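Inside the fold
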Amino acid sequence: MPSNDEAAIGILMLESRFPRVPGDIGNPGTWPFPVRFKVVANASPDRVVHQRAEGLLEDFIFAGQELIDEGVSAITTSCGFLSLFQQELASSLSVPVMTSSLMQVELINRMMPNGKIAGILTIAASSLSKDHLLHARVPEGTPIGTTEGGREFTRVILNDETSLDIELARQDNIEAAVKFKSDHPELGAIVLECTNMTPYAKDIARETGLPVFNIETLVTWIHSGLSPREFNVTG
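Residues numbered from 1 in each chain as written. Predicted model: local features only at pLDDT ≥ 70, side-chain atom pairs only at ≥ 80, totals over all residues. Heavy atoms only, no water.

Pairing is parallel in the open sheet, where four strands are placed in the order β2-β1-β3-β4. This sheet does not close on itself; its edge strands, each paired only once, are β2 (35-39) and β4 (97-98). Strands in contact with helix α2 (residues 57-69) are β1 (9-13), β2 and β3 (74-77); relative to β1, the strand with the most contacts, it is inclined by about 150°. The strands touched by helix α9 (residues 215-226) within the sheet are β1, β3 and β4, with β3 carrying the most contacts at an inclination of about 175°. (Pairing = 2+ DSSP bridges. Helix = DSSP H or I, 4+ residues; strand = E, 2+ residues; numbered from the N terminus. Contact = heavy atoms within 4.5 Å. Axes fitted to C-alpha atoms, helices over the stretch in contact; angles between N-to-C directions.)

Glancing now at the pairing of strand β7 (residues 187-192). Burial within β7 is extensive, with six of its six residues counted as buried. The pairing of strand β5 (residues 117-122) with β7 spans five bridges and is classified as parallel. Considered in β7, the bridge of G119 is made with I190. Across two bridges, the pairing between β7 and strand β8 (residues 212-213) is parallel. When the sheet's bridge partners are listed, I190 is paired in β8 with V212. (Buried < 20%, exposed > 50% of the residue type's maximum accessible area, 1.4 Å probe, protein only.)

Within the secondary structure layout, A189 lies in strand β7. Taking the C-alpha atoms as reference points, A189 and R170, 19 residues apart in sequence, are found 19 Å from one another.

Function cannot be read off these values alone, since they describe shape.
Below, the structure written as structure tokens:
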């Protein structure tokens, strides 16, 4: 159980109905430390992913300030496509802001052995623009894979359907990742753009043999800095 003095992470949520399974950013059980959720009205998956969240920046800033007023020590979002708002949110709010798991790509590349780079697995490659990547400081030429060709995952999330076949969603993610690795032998790691992919990260790592990074790895890293472990150091 988290201690009372642990930093809380604020999560700006899309307005959605699809199931939040364990591992999903919106499932409270995903997090071993305090989190607070704030839904941004009218920020539907379709509007954020396919319409670039147009007209929603001020709503995200307002909701972020509400989370700060409630005592959070850092803020993240429930969609990797919100990297478009990284600079504006970070400059408008008084706590650290991490809009997207894609912010990890540049750092991961620095850790890779020669000839290997990180790639991105996204829910919608057709909508992931150069602007999204630029705002997350993703290096040019980063390979991108997607679940768009699957049977369940992309459709349910982006259409905001009320039921999800978890096993089909798992297979969509695994098959997309395996194909991604096959198409790009230079892959040394995979970064999951979509915060709803995290429940399948272990499956992807097992099937591809690659390290898998996601919104959970990013937020946990930030939290470890906000609430460092205490060690029993004696002289």
